[in-house]
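# A look at the structure
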Amino acid sequence: MNSTRFGIEIEVIVEPHTLRTPLNALSYYQKLSAALKKRGQKAQVDDLAGGYRTNPDNFKKWWITKDLSLDGYGSNQVAFEAVSPIFSTDRNWSDDIDGFWDAMGAVFHQPIRSPKCGSHVHISPGPIAPGRGQADSGTSLAAARGHYSLHQLKVIAFGVVVYEPLVLLVLPASRHENLYCRPNTKSSSQLGGCSNLQQMRQLIASARSLEQLKDIMQADRRVIWNFENTLMGKSGTIEFRGGRGLRGRNRTKWWIAFAVSFIHFVLKENDFEMHNTYKDEWRPTVELFYEKIRLKAKDVGMQSHFPPNYRVLNETRR
C-alpha cells in the first residue's frame, strides 16, 4: 500500500515552569524550539513581526507561532500553535511526537484544558511515480504531486457525509457545537438543501472541479473535514479539525490515527460507487464503525495508537 503523509497542528495555552516578568511570549517560543533541537528535532520560531504566517519551510520542521483564535488567557500563560513537520506512515513518526511532548514538558506545565484549543490533522497521499497503478491521466498527475484526484476526493466527500453522525459520536462533546469545526452538512447550504443521501451523492458527483467540490462541502474552512487545501496551488491535504485540545502524547497519537485511518476507511468502503443500493436509514452502529476504522489502522501501521473503545476517545470512559 502506498504511504500516506500527514501533519498535525496543536493549539495550546500553557504556563512556563520559570516565569519571567514581563512575560514575553516570543522568548518562550524560542525556549521550546531549543528544547526540540536538544532532542534531535528541527524547529523554527515565528518572529511575530508580520502577524500570523504559515510554516515558511515546506513543513520540514516544527513551526512555533501565535494563534490568533486563542485569547483571554491569564497573564502568567502563553498561547501558541505548534505545527509539525510532514510525517509519513512508512516511517517512525511516533518518536517525533514523543520528542515534542518531552520538549513541551521541559519548558511548560501541562497545557490547560480549554475549549478554545483544538488540534488539526492534515492528510494527503504520498507521491508515487506517474502512471504507476493509476487508471487515468488526471489521477496519475494528482498522485505524482502527492494529491488526491478529483474522483478520490468525491469518494472521501461522500464518506464524510455518510458517516458524519457516527464521527460526531466519536468526538468529545466539547467539539460538537464548536464554531471552528462544524459538521460539513451544517456548514454547507448545498448539502443542507438535500433531503437524503442519494441527493447528496448526486450533488457531490456533479462537481466538475476541485473548487466546485470544495464549495459543495463547506461554506468556509471551519468544518470537521476541510477541503480548502485540496485546491490547485495548495498543499493537497484534507484537514480534520474535530480533535480536541491536546495535552500529551497519547491523545495526540490517537487523533492522528483516527483521522488518517478514517480517510483510508472511506476510500476502501467506497460508498460513492454503491449509491444504487445505498439506503438512507442504513448505517453501522457506532461500535461497528469504530471497529472498522481500527481494522483499517492496521493497513497504515497505526493500530498500536488506537484506543480499544470509542468512548475512550470521546472521553465518556476513562
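Quick look at the structure, then. Not measured: the values here are computed from a predicted model. (Residues numbered from 1 in each chain as written. Predicted model: local features only at pLDDT ≥ 70, side-chain atom pairs only at ≥ 80, totals over all residues. Heavy atoms only, no water.)

## Some words on the packing of aromatic side chains
Given two aromatic rings, their pairing is described by the distance between the two centres and the angle made by the two planes. Under the definition given, this model contains 21 aromatic pairs. On the basis of an interplanar angle of 90° and a centroid distance of 5.3 Å, the ring pair of phenylalanine 6 and tryptophan 93 is categorised as edge-to-face. Of this pair, phenylalanine 6 sits in strand E1 (residues 4–14) while tryptophan 93 is found in the loop between strand E5 (87–88) and helix H2 (94–107), placing the two residues 87 residues apart along the sequence. Residue phenylalanine 6 is classed as buried on the basis of its relative accessible area, which comes to 1%. Aromatic pair tryptophan 255 and phenylalanine 258: ring centres 5.9 Å apart, planes at 80°, arrangement edge-to-face. (Phe/Tyr/Trp six-rings, centres within 6.5 Å; stacked < 30°, edge-to-face > 60°. Helix = DSSP H or I, 4+ residues; strand = E, 2+ residues; numbered from the N terminus. Buried < 20%, exposed > 50% of the residue type's maximum accessible area, 1.4 Å probe, protein only.)

## Regarding the packing of helix H4 (residues 150–162) against helix H9 (residues 210–217)
At a minimum axis distance of 11 Å, the contact between H4 and H9 shows a crossing angle of 5°. Comparing the axis directions of H4 and H9 gives the class roughly parallel. Of H9, the residues touching H4 (which contributes Leu150, Leu153, Lys154, Ala157, Val160 and Val161) are Leu210, Leu213 and Met217. The residue makeup of the contact of H4 with H9, split by class, is eight nonpolar, no polar and one charged. (Axes fitted to C-alpha atoms, helices over the stretch in contact; angles between N-to-C directions. Parallel < 35°, antiparallel > 145°, perpendicular 65-115°, else oblique. Contact = heavy atoms within 4.5 Å. Nonpolar A, V, L, I, M, F, W, Y, C, P; charged D, E, K, R; others polar.)

## Thoughts on the side chain of glutamine 77
Of note, glutamine 77 is situated in the loop between strand E3 (62–65) and strand E4 (78–83). In terms of polar contacts, glutamine 77 uses its side chain to reach the backbone amide nitrogen of glycine 74, at 2.7 Å. Setting aside residues up to four positions removed in sequence, glutamine 77 forms contacts with Ile13, Val14, Glu15, Leu23 and Ile112. (Polar contact = N/O pair within 3.5 Å; in protein donor to acceptor, adjacent residues only side chain to side chain.)

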